[in-house]
Amino acid sequence: MTKIKYIFLFLSMCFIFLFITGCSSYKEINNVLIVDGIGIDKVNDKYLVTFNSFVEDDTYKAINIEVKNIDEAFRDVYLLSNKKIYLSHLNILLLSSKLSNEDISLVISSLNNRNDIRGTFLVSLVHDYNSNIFSNKSLYLVNLIKNN
């Protein structure tokens, strides 16, 4: 009979410890800037980087930043929004036709050096790029590209 008590006590303790423990590394959704689209243009030797971010429901917000290099853009958008950048939901990267091959190589290498970016997303070259290109949500652009 004592074996049964010990087994019951052990299972009870395991059950209690299961519910006492909590999440130790969760991220509050309000503290994360979910980016689903990035647009990059070059104006007067500076990059104009647009981050299309998810706000709530079907609402998106475009954040425009003018920087000298792409790495500064990620730092500045963090400082501007005071949120951690979450790039795992990146769907599309729009590059302006004004970018030179060297600029495109710098952009690609800068994105490849980030460990928080997901492996697959669409890349498109835009002829008449403007910062309002993300007035529609990025998924609309992704579906348009896939359908055509």
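Small disclaimer: the values here were computed from a predicted structure and weren't measured.

Draft legend 1. View of the pairing of strand E5 (residues 92-96). Burial runs high along E5: five of the five residues are buried. Residues Ile92, Leu94 and Ser96 line one face of E5 and the alternating positions Leu93 and Leu95 line the opposite face, and both faces are buried. As defined by bridge partners, strand E1 (residues 32-43) adjoins E5 across four bridges and the pair is classed as parallel. Within the sheet, the bridge partner assigned to Gly39 lies in E5 and is Leu94. Both E5 and strand E6 (residues 122-126) contribute to a ladder of five bridges, which runs parallel. Note on E6: the bridge partner recorded for Ile92 is Leu122.

Draft legend 2. Structural context of the pattern of salt bridges. In total, this model carries three salt bridges according to the counting rule given. A salt bridge links Asp41 to Lys98; the nearest nitrogen and oxygen atoms lie 3.9 Å apart. Of this pair, Asp41 sits in strand E1 while Lys98 sits in the loop between E5 and helix H3 (101-112); the two residues are 57 residues apart in sequence, bridging distant segments of the chain. By relative accessible area, Asp41 is classed as buried at 3%.

Draft legend 3. A nonpolar patch on the surface, seen in detail. A contiguous nonpolar patch, built from Tyr6, Leu9, Met13, Ile16, Phe17 and Ile20 and spanning about 660 Å² of accessible area, is present on the exposed surface. Position of Leu9 relative to the elements: it lies in helix H1 (residues 2-20).

Draft legend 4. Focus on the packing of aromatic side chains. Under the defined criterion, the tally for this structure stands at two aromatic pairs. Geometrically, the ring pair formed by Phe51 and Phe74 is edge-to-face, given 5.5 Å between the ring centres and 70° between the ring planes. Of this pair, Phe51 sits in strand E2 (residues 46-56) while Phe74 sits in helix H2 (residues 70-81), placing them 23 residues apart in sequence. Considered together, Phe51 and Phe74 belong to a single accessibility category, that of buried residues. A cation over an aromatic ring shows up here: Arg114 above the ring of Phe74, its NZ or CZ 4.2 Å from the ring centre.

What counts and what doesn't
- Residues numbered from 1 in each chain as written.
- Predicted model: local features only at pLDDT ≥ 70, side-chain atom pairs only at ≥ 80, totals over all residues.
- Heavy atoms only, no water.
- Buried < 20%, exposed > 50% of the residue type's maximum accessible area, 1.4 Å probe, protein only.
- Helix = DSSP H or I, 4+ residues; strand = E, 2+ residues; numbered from the N terminus.
- Pairing = 2+ DSSP bridges.
- Salt bridge = Lys/Arg side-chain N within 4 Å of Asp/Glu carboxyl O.
- Patch = residues over 30% accessible without salt bridge, like charges linked within 9 Å, V, L, I, M, F, W, Y side chains within 5 Å.
- Areas by Shrake-Rupley, 256 points an atom, 1.4 Å probe, with all protein chains shown as cover.
- Phe/Tyr/Trp six-rings, centres within 6.5 Å; stacked < 30°, edge-to-face > 60°.
- Lys NZ or Arg CZ within 6 Å of the ring centre and 35° of its normal.

These results come straight from atomic positions and should not be treated as a statement about function.
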